[in-house]
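For reference, the chains in residue letters:
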Amino acid sequence: MKHTNNIRLWVGVLLLITVLAIPFITPFKDYLAIPNQVVTFDNQSSSIDVPVLGNSVNVGSSGNSNHTVDSSEFYAKEPGNSQLIYEVAGLPIKKVDVSVLEDIRVIPGGQSIGVQLHTLGVLVVGHHQIKGENGMLSPGEDADIQVGDVILKINGNKIKKMQDVKPFVEKAGKQDKKLTLTIKRGKETLETTLDPVKDSKEKEYRIGLYIRDSAAGIGTMTFYDPKSKKYGALGHVISDMDTQKPIEIHNGTIVQSNVTSIEKGNNGTPGEKQAKFSVKDNKIGSITKNSPYGIFGELDSPIKNGKYDKPMPIALSHQVKEGPAKILTVVEGEEVEEFEVEVVSSVPQNFPATKGMIIQITDPELLKKTGGIVQGMSGSPIIQDGKIIGAVTHVFVNDPTSGYGVHLEWMLQEAGINIKDKKDKAS
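Residues numbered from 1 in each chain as written. Predicted model: local features only at pLDDT ≥ 70, side-chain atom pairs only at ≥ 80, totals over all residues. Heavy atoms only, no water.

Overview of the overall build of the protein chain
Tallying secondary structure elements over the protein chain gives 7 helices and 32 strands in all. When the 427 residues of the protein chain are sorted by exposure, 44% land in the buried category. Sequence-distant contacts, at least 24 apart, represent 67% of the contacts inside the protein chain between residues at least 6 apart. Surface exposure of the protein chain reaches about 22,100 Å², of which carbon and sulfur atoms provide 50%. (Helix = DSSP H or I, 4+ residues; strand = E, 2+ residues; numbered from the N terminus. Buried < 20%, exposed > 50% of the residue type's maximum accessible area, 1.4 Å probe, protein only. Contact = heavy atoms within 4.5 Å. Areas by Shrake-Rupley, 256 points an atom, 1.4 Å probe, with all protein chains shown as cover.)

Okay, here's the thing in structure tokens:
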């Protein structure tokens, strides 16, 4: 009985070792690496990248959307759906769904832009105390108005800018009446009442709130679609400097900007581009959306970067490879320059997500001028193998030579150039 138990034990151990070893056997590893689905674009010269399992395994295609050169290379032929079929001795062992999308091409940016956003309503960025007849108090704080709230209406009237607030406050104060405020807090819309207090020193009625109706800064253009005039820039959301919350915009403007100097980045301290621009004189487009993937809108007229002024193909997230790439950005004046970078890692993403890539600046000239990635460089387009793959978004504070990038397909989707619709159309 004991001998039988020992045999069972050893057989169990051998089976366990075999099961654990299977994933490390090269043919099995190659089989597991075969994707269930491949998505690519029409009219692209690169082949559809699929693993090859050896001479004993044949790979064929079905449908009209791709064709084969040999058993290892497949090229997109026209939009539509088909399958790649792995066979051994005529028996299918794996099917890969292939979706070929209509070709999408956009013009890369790289230009330095000035950005001015006007908020939806007025944004509350702080509280302050007022010295009135009954001592120090803040009417806004007493009314439970919080930092980050947006004042949409006062007494039912829309508030579009800071100057709209004062007349209502003065009128309510003189008539000894309370104000009814409609505020937006996150996704909620709330109402509250507020009783203005007369400042004993300045003899004016106040509500004890610091408010803001606009924000400005600089960034970099990522892409421009000459057909729709839509553009994308920055690659990340613009947040208010005081509340650190995304700014909900009413409208906005982008303008040409001139980089005057660079404050180099060091470990622990990100660098920054210094630039000047005039909102009145150099407007080039509108801003209609401020999202986690950047700012978006339409350009008034085409713009050029002097490097790549013709539409280029794009890469989906799963097509981005680790290895050399380039970015387009401005470090002096308005001249767009090309610099070498390395894609350290890229995560294939089936759903929109930020920070899909990690990139590292390798260009000696750019490292000398900026120390790496600096503020204002966000949105610089990343180009690899003749395709636009994404944009620079964030710098690593402790390593200014490296930072995050966002895949271009999500920026296109935010701009209204919806790749997903094209995927559905091809289904």
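Now, onward.
What to know about the layout of surface pockets
Each pocket or cavity is described by its volume, and for the second largest pocket that value is around 810 Å³. Taken together, 28 residues form the lining of the second largest pocket, with I218, H236, I238, S239 and Q375 sitting closest to its centre. Among the elements of the structure, β8 (112–127), β17 (209–224), β29 (374–375) and β31 (387–396) are those that each provide at least two residues to the lining of the second largest pocket. If one sorts the elements of the lining of the second largest pocket by residue count, β17 sits on top with 7 residues. Residues that form the lining of the second largest pocket fall into these classes: 14 nonpolar, 11 polar and 3 charged. (1 Å grid on protein atoms, 1.4 Å probe; cavity = no way out; pocket = protein on both sides within 12 Å on 5 of 7 lines; lining within 4 Å. Points joined across faces, edges and corners; volume = space filled by probe spheres on them. Nonpolar A, V, L, I, M, F, W, Y, C, P; charged D, E, K, R; others polar.)

Focus: unusual backbone geometry
Despite not being glycine, N155 shows a phi value in the positive range, around 55 degrees. Relative to the helices and strands, N155 resides in the loop between β11 (150–154) and β12 (157–158). If you check the backbone angles, K229 has positive phi at about 70 degrees while not being a glycine. With respect to the helices and strands, the residue K229 is situated in the loop between β17 and β18 (230–233). By relative accessible area, K229 is classed as partly exposed at 41%.

Quick word on the confidence of the model for the protein chain
Counting all residues, the mean pLDDT for the protein chain is 84, and 81% of those residues have values of 70 or more. Considering each helix and strand of the protein chain separately, the mean pLDDT is smallest for helix α7 (residues 419–426), with a value of 51, and largest for strand β30 (residues 381–384), with 98. (pLDDT = per-residue confidence, 0-100.)

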